[in-house]
Amino acid sequence: MQDQSEGCIGKTLKEVRISGAIKRNCRVGSFVALNGSILTFVGPNLDRDGVGYGPEYLMLRQSEKSYLDGSSASGYPFYFTLSNLRLCAGCA
């Protein structure tokens, strides 16, 4: 069972670094998530049918120079939601 005490929660909040804001560069389609990950929304996955389970859209994780695979383990659903936030004036 996980420790859910006030002390453990306070310790975790001090140790885990998160940004206070989501930042987005609309010109290049990239954004910085709360955990500091820099991702770029690339566009439609033209090879989606080639693998049968690939994501509909490609998102590049800059630190690893790799695409998210569409699974929840990769963070794809969460990051895809963030990429769709209208954080820039005039962004579609």
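Going along each chain's sequence as written, the residues are numbered from 1 onward. Residues qualify for local features only when their pLDDT is at least 70, as the model is predicted, and side-chain atom pairs are given and counted only at 80 or more; totals for whole chains, interfaces and linings, by contrast, use all residues. No hydrogens and no water enter the side-chain calculation; it runs on all heavy atoms of the structure.

A. A look at the overall build of the protein. A run of DSSP states H or I qualifies as a helix once it reaches four residues; a run of E qualifies as a strand once it reaches two. Both are numbered from the N-terminal end. Looking only at helices and strands, the protein has 3 helices and 5 strands in total. N-terminal to C-terminal, the α/β element order of the protein is α-β-β-β-α-β-β-α. The burial tally for the protein puts 26% of its 92 residues in the buried class. Should any heavy atoms of two residues lie within 4.5 Å, those residues are counted as being in contact. By sequence separation, contacts in the protein at least 24 residues apart represent 25% of the contacts at least 6 residues apart. To be clear on the numbers: accessible area is Shrake-Rupley with a 1.4 Å probe, and residue cover counts the displayed protein chains and nothing else. Accessible area for the protein stands at about 6,800 Å²; split by element, carbon and sulfur atoms hold 55% of it. The classification of residues rests on relative accessible area computed with a 1.4 Å probe and restricted to protein chains. Under 20% of the type maximum is buried, over 50% is exposed, and intermediate values are partly exposed.

B. Focus on unusual backbone geometry. Positioned with a positive phi, Lys65 is a non-glycine residue whose angle comes to about 50 degrees. Assignment of secondary structure puts Lys65 in the loop between strand S4 (57–61) and strand S5 (66–67). By relative accessible area, Lys65 is classed as exposed at 62%.

C. Seen up close, the pairing of S4. In terms of burial, S4 is largely enclosed, as 4 of its 5 residues are buried. Strand direction decides the pairing type here: strand S3 (residues 38–44) and S4, joined by 5 bridges, are antiparallel. Looking at the pairing, Leu39 lines up with Arg61 of S4. The pairing criterion is simple: DSSP has to find at least two bridges between the two strands. As paired strands, S4 and S5 are joined by 2 bridges and run antiparallel to one another. By the bridge assignment for S5, Leu60 is matched with Tyr67. Here S4 hands over to S5 after 4 residues, with Lys65 in that stretch at a positive phi of 50 degrees.

D. Spatial organisation of the confidence of the model for the protein. Every residue carries a pLDDT, the predictor's confidence in it, which falls somewhere between 0 and 100. Taken as a whole, the protein shows an average pLDDT of 78; of its residues, 77% reach a score of 70 or greater. Averaged pLDDT values for the elements of the protein fall to 66 in helix H2 (residues 48–51) and rise to 90 in S5.

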